[in-house]
Amino acid sequence: MQVDLIIQARWIIPVEPAGVIHENHSLVVDDGKIVDLLESAAASEKYQARAVEHLDSHVLIPGLINCHTHAAMSLLSGIADDLPLMDWLQNHIWPAEQKWVSEAFVRDGTDLAIAEMLRGGTTCFNDMYFFPDIAAQQAVAHGIRANIGLIVFDFPTVWAENADVYLSKALDLHDGLRHERLISTSFAPHAPYTVSDEPLRKMLTFADELDATIHMHVHETRHEVEEQRQKTGHTPLRRLHELGLLTPSFMAVHMTQLSPEEILFYAETGGHIVHCPESNLKLASGFCPVAACLDAGINVALGTDGAASNNDQDMLAEMRVAALLAKGVSGNASAVSAMQALQMATLNGAKALGLDDKIGSLAVGKAADVVAVDLSEVETQPVFNPLAQLVYAASRHQVSDVWVAGKRLLNKRQLTTLDLQDLRQRAAIWQQRLAEF
Ligand SMILES: [Zn+2]
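Computed from a predicted model, the values in this text were never measured in an experiment.

Asker: I'd like a description of the coordination of the zinc ion, backed by residues and values.
Answerer: The protein atoms donating to the zinc ion are His68 (NE2), His70 (NE2), His217 (NE2) and Asp305 (OD), with metal-donor distances spanning 2.1 to 2.3 Å. Coordination at the zinc ion comes from 4 donor atoms whose angles at the metal span 86 to 169 degrees, giving a geometry best classed as irregular.

Asker: Outline the UniProt feature "binding site: substrate" (unreviewed entry) in the protein chain, listing residues and values.
Answerer: Under the present numbering, the feature "binding site: substrate" (unreviewed entry) in UniProt falls on Glu97, His190, Glu220 and Asp305. Here His190 shows up in the loop between β8 (183-189) and α6 (197-210). When near neighbours in sequence (up to four residues on either side) are disregarded, His190 contacts Trp94, Met128, Val152, Phe153, Val195, Met216 and His217. Only 2.8 Å separates the side chain of His190 from the side chain of Thr194, close enough to count as a polar contact.

Asker: Would you mind going over the UniProt feature "binding site: Zn(2+)" (unreviewed entry) in the protein chain in detail, with residue names and values included?
Answerer: In this numbering, the UniProt entry assigns the feature "binding site: Zn(2+)" (unreviewed entry) to His68, His70, His217 and Asp305. Of the residues just listed, which span 238 residues, no C-alpha pair is farther apart than 11.9 Å, and they cluster in one region. Inspection of the secondary structure assignment puts His68 in strand β5 (residues 64-69). Accessibility expressed as a relative area gives 0% for His68, which makes it buried. When neighbours within four sequence positions are excluded, His68 is seen to be in contact with Asn126, Met128, His215, His217, Val253, His254, Val274, Cys276, Leu302, Gly303, Thr304 and Asp305.

Asker: Would you mind going over the sheet that holds strand β12 (residues 300-302) in detail, with residue names and values included?
Answerer: In space, the 8 strands of this open sheet follow the order β5-β6-β7-β8-β9-β10-β11-β12, with parallel pairing throughout. Two strands close off the open sheet at either side, each with one partner strand: β5 and β12. Pairs of neighbouring strands in the sheet enclose a mean axial angle of 25 degrees, with direction left out of account. Pairing geometry for strand β6 (residues 122-127) and strand β7 (residues 145-152), over 4 bridges, is parallel. In the strand pairing of β7, Asp127 is matched with Ile148.

Asker: With reference to specific residues and values, describe the nonpolar core.
Answerer: Phe105, Leu245 and Phe250 are the most contacted members of the largest nonpolar core, which totals 116 residues. Residue contributions to this core peak at 7 residues, all from helix α3 (residues 103-119).

Asker: So, the environment of Asn299: which residues are in play, and what are the values?
Answerer: For Asn299, the position within the fold is in the loop between α11 (290-295) and β12. We classify Asn299 as buried; its relative accessible area is 13%. Each C-alpha atom, one on Asn299 and one on Pro248, is 9.7 Å from the other, the two residues being 51 residues apart in sequence.

Asker: Could you give an account of the environment of Ile65, naming the residues involved and the relevant values?
Answerer: Here Ile65 is to be found in strand β5. A C-alpha to C-alpha distance of 7.8 Å links Ile65 and Asn126, two positions 61 residues apart in sequence.

Each value, and the rule that gives it
- Residues numbered from 1 in each chain as written.
- Predicted model: local features only at pLDDT ≥ 70, side-chain atom pairs only at ≥ 80, totals over all residues.
- Heavy atoms only, no water.
- Donors = N, O, S within 2.8 Å, 3.2 Å for Na, K, Ca; no water.
- Tetrahedral: all angles 85-135°; square planar, octahedral: opposite > 155°, others 65-115°.
- UniProt positions renumbered as here; feature names shortened; annotations may be inferred.
- Helix = DSSP H or I, 4+ residues; strand = E, 2+ residues; numbered from the N terminus.
- Contact = heavy atoms within 4.5 Å.
- Polar contact = N/O pair within 3.5 Å; in protein donor to acceptor, adjacent residues only side chain to side chain.
- Buried < 20%, exposed > 50% of the residue type's maximum accessible area, 1.4 Å probe, protein only.
- Pairing = 2+ DSSP bridges.
- Axes fitted to C-alpha atoms, helices over the stretch in contact; angles between N-to-C directions.
- Core = buried A, V, L, I, M, F, W, Y, C linked by side-chain atoms within 4.5 Å.

Here's what the structure looks like:
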């Protein structure tokens, strides 16, 4: 049988079924999809491929899903550091954004982030930023998968002047992107403290009609929760529940402030959590009690958050920090195993985005979003367990090859749809402009 591609790998961790690690197996790809996963000897007998890739010291994993970012903020990486959230936002990030964010800023920043993400094994990102039309356009241009946030705020920004305009632009963009194979959309109201009840109610009506997911920062800091509690007597999470937002289509990003009762109550709603441990640590926002959330049956995905608060888009590092932090916070070394960390960075992200029928694991019928990590470097020798080396020791420089929907976007460390020199030049121009600010 003729197929497009066979990837022979030393190890394959398909994520589904959980815990399985294949040795000397091949992933068979045709027409952008995974059509088989079998022993390499059997694969070469059964299939004739137009291309065969031999990855003899590599582990193949599903493409990593960065379930929360603001991609274009890569241009603000390192602009203000070592500050708490509100000081950082109000005195540094928001003023810089107000002055500089434009279509060109979002184009160049998103390109920079896409290059970084692909070189680190991320094949899909869940974005929330101004000019989401431009972010979608750049994702399509470079062949990466993206879920684009249709942003909503109460106040005017460069994207829209009031809540009604945000919503009408959201609907137009959702409609305009319907036929893009690699693009999906979510409504993305920024946070409980930046969007009031009325626009949230209107948005929910549209989200229900379109069967759309919702992506929102929730309980990022103690300050956010306390302020709301003092004003209204209950928490932002409770308010969102009363408005009807909390359903299996809801992604709550951060959730660092959760009581045991809230964990149980949120689990019942079927909502997802997107955990961003590095951003939470850097802004000293607190810790999402991930082990308790997983125990309660909540689907927990992983994100980097924007590069201004991280300061990178490195999902391998995010996995490691998530696993280590969960152990530290829960006082239990078994909390968030290496397998669970990889699930959070892949399949759980796909579930949160409502895309788990398409991506998130190396299963027959799913899209060939595949990442190869070379474990032959001395830093990851010896390999008793490729999963442990991947999560606890490997660095993103060991990501050698990346495919999205069967298309090779990283070929032996070389990007195939982006030019590094061009990216460096554009980043330098923005650095100069922002430095003058
Ligand atoms: Zn964020």
